[in-house]
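An overview of the molecular structure
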Amino acid sequence: MRHNNLVILAGVMVALVLAGCVSAPDRELSLKPASYAGLPNGHDPLNPDQISPLYDASTISALKDGFTRYLERKHGRALNQLSLSGGGQNGAFGAGFLIGWRESGRRPQFDEVGGVSTGALLATHAFLGTPADDAVLEEMYTTITKDDIYRSYGILDVVLGNAHSLKDTAPLRALIAKYVTAETLKRVAAAYADNRFIWVGTTNIDYDQTWIWDMGLIAKDGRLELYRDVLLASTSFPIVFPPVEIDGHLFVDGATRSNLIIAGSTGTERPTPPSRMGPATSTSLTTAGSRILPRPCARPSARSQRRLLL
């Protein structure tokens, strides 16, 4: 048995050495404009000295004051904001927290939701916020297995260049398509028309930038496949999962550079003091460090986390 283990270990080491000798093909950087994404400070990713074209003339001046302040004036009240971080399977904590929060009667309707990595998978249904959406979140994080997320490549596939990552995320792409439908997109678009915003963070590995996508605008334009691609990109952990190509750009997990985002809340100048428009809710739900387990070695479930708030 020990001899067999040594043979396997030696084979893996040889494979890794050979993989290191395989040079990546040359890539020509895409110059396709970022039609639906901007940098965290509101600037254009390909022209960082300029304001992103996502902002029209009426909102450009709002960037110095802070996009949050701009939205407060649009709504005439303080905002309810939610930022959802990465954390892999610990997204179950986030799902359970959101469900328990709603069942407590204290969870507001969110004006802005930002998501990164597993937080990106939570973001759409947290943003829509109905009991049916919570049921989707619970199903996503309590009934799926690793086989619903990825398929493993063989070591020879990696060595011979037939695979550009350790896992194939085709199952995850199918899972996203199951839960983000054309009807989902229409509901997000309706919220966008009501001046509510959902943002998803990704990492552009060609330009080494955080790109924050305006998912409501994508929904308004009916770009269902793009919406799904952005979600997949934000959850694509580098090396383990393949990057996602969008308009010739390569994107991976948004948490690679920034684990919590609310687009427009940062900028190049000090924002004005908070407005006096009544109570607000600004919540950063970090699942990356969550380790609240019902018993040792068990995966946290949405149901077990929900009890914490009841």
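Up top is the structure.
1. Details of the environment of Thr 235
As for its placement among the helices and strands, Thr 235 is situated in the loop between helix 12 (224-234) and strand 10 (244-246). When the C-alpha atoms of Thr 235 and Leu 121 are compared, they prove to be 7.9 Å apart, with 114 residues separating the residues in sequence. There is a polar contact of 3.3 Å between the side chain of Thr 235 and the backbone oxygen of Leu 231.

2. Observations concerning the packing of aromatic side chains
As enumerated under the stated definition, the model contains eight aromatic pairs in all. Feature note: the residues Phe 93, Phe 97, Trp 101 and Phe 110 constitute an aromatic cluster, connected by ring pairs. Seen from the ring of Phe 127, Arg 196 lies directly overhead, with NZ or CZ sitting 4.4 Å from the centre.

3. Observations regarding the packing of helix 9 (residues 170-179) against helix 12
Closest axis-to-axis distance for the helix 9/helix 12 pair is 10 Å, and the angle between their directions is 130°. Classified by the angle their axes make, helix 9 and helix 12 are oblique. Relative to helix 12, the crossing made by helix 9 is right-handed. Judged by residue contacts, Leu 172, Arg 173, Ile 176 and Ala 177 of helix 9 engage Arg 228, Asp 229, Leu 231 and Leu 232 from helix 12. For the contact of helix 9 with helix 12, the class distribution of residues is five nonpolar, no polar and three charged.

What counts, and where the lines are drawn
Along each chain, residues carry numbers from 1 onward, in the same order as the chain's sequence is written. Given that the model is predicted, a residue must reach a pLDDT of at least 70 before its local features are reported, and side-chain atom pairs must reach 80 or more before they are shown or counted; all residues, however, enter totals for whole chains, interfaces and linings. Side-chain descriptors were evaluated using all non-hydrogen atoms of the structure, hydrogens and water having been removed beforehand. What counts as a helix is a DSSP run of H or I of at least four residues, what counts as a strand is a run of E of at least two, and both are numbered from the N terminus. Whenever a nitrogen or oxygen atom comes within 3.5 Å of another N or O atom, the pair is scored as a polar contact, on the condition that within protein one atom can donate a hydrogen and the other can accept it, and that pairs from neighbouring residues in sequence are kept only if both atoms are in side chains. Aromatic rings from Phe, Tyr and Trp, taking only the six-membered ring of Trp, are treated as a pair when their centres fall within 6.5 Å; an angle between ring planes under 30 degrees marks them as stacked, one over 60 as edge-to-face, and anything in between as tilted. In our convention, an over-ring charge means Lys NZ or Arg CZ found within 6 Å of a ring centre and within 35 degrees of that ring's normal. Note on definitions: angles span 0 to 180 degrees between N-to-C directions of axes, and those axes are lines fitted to C-alpha atoms, for helices only across the stretch in contact. Any angle between 65 and 115 degrees counts as roughly perpendicular, while under 35 counts as roughly parallel, over 145 as roughly antiparallel, and the rest as oblique. Each helix crossing is assigned a hand: it is left-handed if the near helix lies turned anticlockwise from the far helix by less than a right angle, otherwise right-handed if that turn is clockwise. For this analysis, residues touch if any pair of their heavy atoms sits within 4.5 Å. Any residue that is not Ala, Val, Leu, Ile, Met, Phe, Trp, Tyr, Cys, Pro, Asp, Glu, Lys or Arg is counted as polar, Gly included; the first ten are nonpolar and the last four charged.

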